[in-house]
Amino acid sequence: MPDSSTILLVDDEDSVQKLLAYPLERDGFRVLQARDGEEALARFADEHVDLVVLDLMLPKLDGLEVCKRLRAESEVPIIMLTARDDELDKVVGLELGADDYITKPFSIREFRSRVRALLRRASVARSNGQQNVISAHGLTIDIGRRSVEIDGRGVQLTYVEFELLRTLASHPGRVYSRRMLLEALWGGADYREPRTIDVHVRHLREKLEPDPAEPEYILTVRGVGYRFRDR
């Protein structure tokens with residue numbers, strides 16, 4: 001993971017900006033700061049950003065709307081911050097394309113762990129530039145280009161959705177636990193709610209499956225089944 005990675009930190013509280021920017025800069029990251037949704041989108045448009053840390057409650061445009069707009073144009077990893085331990089907030093954020101979330105209050109150690117894990121995975125994905133292509137039943141996954149097509153039609157996936165699909169499709173028939181998928185996607189299961197996987201799986205199936213209403217824990221990709229255990 002390059003020390004020159006740029007992180008866009010979006011939070012309207014000065015105390016949070018100072019609390020989070022300091023350890024990131026100490027770790028060698030370049031930190032851009034924004035204090036409302038409109039400023040966040042403007043800074044993202046003007047700068048190369050490797051990861052976004054995005055508060056849910058923001059002036060002008062809230063974090064969910066910012067996440068939605070960012071995801072419409074970029075696969076940049078997004079970590080959402082929320083002061084409310086509300087399952088609906090988490091689910092909505094993940095559905096809109098956030099890759100991870102942290103509920104305030106949280107430890108700086110946990111925050112740094114999640115940031116580094118997402119950046120590490122993104123860096124590995126970029127370095128694996130070989131043009132490996134996985135094809136099955138009209139589904140084409142181009143690993144090098146990080147693109148997915150169904151019957152020649154492009155499908156836009158978030159960073160985590162693509163990594164989840166790549167992991168499953170690379171090992172057809174393997175049975176995964178939630179913990180195994182958390183470790184595969186983020187390099188560890190610490191600090192993460194296992195049910196986060198359910199949201200990403202459901203969202204991925206809705207984008208790929210002709211009938212996503214099939215059994216909850218079977219990801220059927222164009223006729224090829226991949227299963228994970230409910231634990």
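Just above sits the structure.
Just so you know, these numbers come straight off a predicted model, no measurement behind them. (Residues numbered from 1 in each chain as written. Predicted model: local features only at pLDDT ≥ 70, side-chain atom pairs only at ≥ 80, totals over all residues. Heavy atoms only, no water.)

Side note on the side chain of Asp99
Right, so step 1: You can see Asp99 is positioned in the loop between α4 (87–95) and β5 (100–103).
Right, so step 2: In this structure the side chain of Asp99 is engaged in a polar contact, spanning 3.1 Å, whose partner is the side chain of Arg71.
Right, so step 3: Within the structure, the side chain of Asp99 is placed 2.8 Å from the backbone nitrogen of Ile78, a separation counted as a polar contact.
Right, so step 4: Once residues within four sequence positions are removed from consideration, Asp99 is found in contact with Arg71, Val76, Pro77, Ile78, Leu94, Leu118, Thr158, Tyr159, Val160, Trp186 and His200. (Helix = DSSP H or I, 4+ residues; strand = E, 2+ residues; numbered from the N terminus. Polar contact = N/O pair within 3.5 Å; in protein donor to acceptor, adjacent residues only side chain to side chain. Contact = heavy atoms within 4.5 Å.)

So, the packing of helix α6 (residues 159–170) against helix α8 (residues 196–208)
Right, so step 1: Where α6 contacts α8, the two axes come as close as 10 Å, and the packing angle between them is 80°. One element, α6, and the other, α8, form an angle in the roughly perpendicular class. Across the interface between the two elements, Val160, Glu161, Leu164 and Leu165 of α6 pack against His200, Val201, His203, Leu204, Lys207 and Leu208 of α8.
Right, so step 2: In the contact of α6 with α8, the residues fall into six nonpolar, two polar and two charged. (Axes fitted to C-alpha atoms, helices over the stretch in contact; angles between N-to-C directions. Parallel < 35°, antiparallel > 145°, perpendicular 65-115°, else oblique. Nonpolar A, V, L, I, M, F, W, Y, C, P; charged D, E, K, R; others polar.)

What about the pattern of salt bridges?
Right, so step 1: Here the structure, examined in full by the defined rule, presents 15 salt bridges.
Right, so step 2: Here Glu47 ties to Arg30 by a salt bridge, and the two come within 2.9 Å at their closest N and O atoms. Linking Glu47 in the loop between α2 (37–46) and β3 (51–55) with Arg30 in strand β2 (residues 30–34), this pair joins segments that are 17 residues apart in sequence.
Right, so step 3: Glu47 gets classed as partly exposed once you look at its relative accessible area, which sits at 27%.
Right, so step 4: Arg114 is the salt-bridge partner of Glu110, the closest N and O atoms lying 3.0 Å from each other. Here Glu110 pairs with Arg114, and both are found in helix α5 (residues 108–127), just four residues apart, close to one helical turn. Taken as a pair, Glu110 and Arg114 share a single burial class, namely buried. (Salt bridge = Lys/Arg side-chain N within 4 Å of Asp/Glu carboxyl O. Buried < 20%, exposed > 50% of the residue type's maximum accessible area, 1.4 Å probe, protein only.)

Side note on unusual backbone geometry
With the exception of glycine, the majority of residues adopt a negative phi angle, and the majority of peptide bonds are in the trans configuration.
Right, so step 1: Of note, the amide linkage connecting Lys104 to Pro105 takes the cis form, showing an omega dihedral of -5°.
Right, so step 2: Summarising the element assignment, Pro105 is placed in the loop between β5 and α5.
Right, so step 3: Phi at Lys60 takes a positive value of approximately 70°, unusual for a residue other than glycine.
Right, so step 4: Unlike most non-glycine residues, Asp151 shows phi in positive territory, near 50°.
Right, so step 5: Looking at where Asp151 falls in the secondary structure, it is placed in the loop between β8 (147–150) and β9 (153–155).
Right, so step 6: Its relative accessible area of 56% is what places Asp151 among the exposed residues.

A few points about the environment of Asp198
Right, so step 1: Relative to the elements of secondary structure, Asp198 occurs in helix α8.
Right, so step 2: What makes Asp198 buried here is its relative accessible area of 13%.
Right, so step 3: Here the alpha-carbon distance between Asp198 and Arg178, two residues 20 residues apart in the chain, equals 8.3 Å.

Considering the sheet that holds β9
Right, so step 1: Strand order in the open sheet formed by four strands is β6-β7-β8-β9, and the pairing between neighbours is antiparallel. Pairing within the sheet leaves two strands with one partner each, and these edge strands are β6 (133–136) and β9. Mean inter-strand twist for the sheet, computed between neighbouring axes without regard to direction, equals 20°.
Right, so step 2: Where strand β7 (residues 139–142) meets β8, four bridges bridge the pair, whose relative direction is antiparallel. Paired with Leu139 across the bridge in β8 is Ile150.
Right, so step 3: In the packing of α6 onto the sheet, the strands contacted are β6, β7 and β8, and the crossing angle to β7 comes to about 110°.
Right, so step 4: In the packing of α8 onto the sheet, the strands contacted are β7, β8 and β9, and the crossing angle to β8 comes to about 50°. (Pairing = 2+ DSSP bridges.)

Honestly, that's just the spatial picture; any functional story needs more than this.
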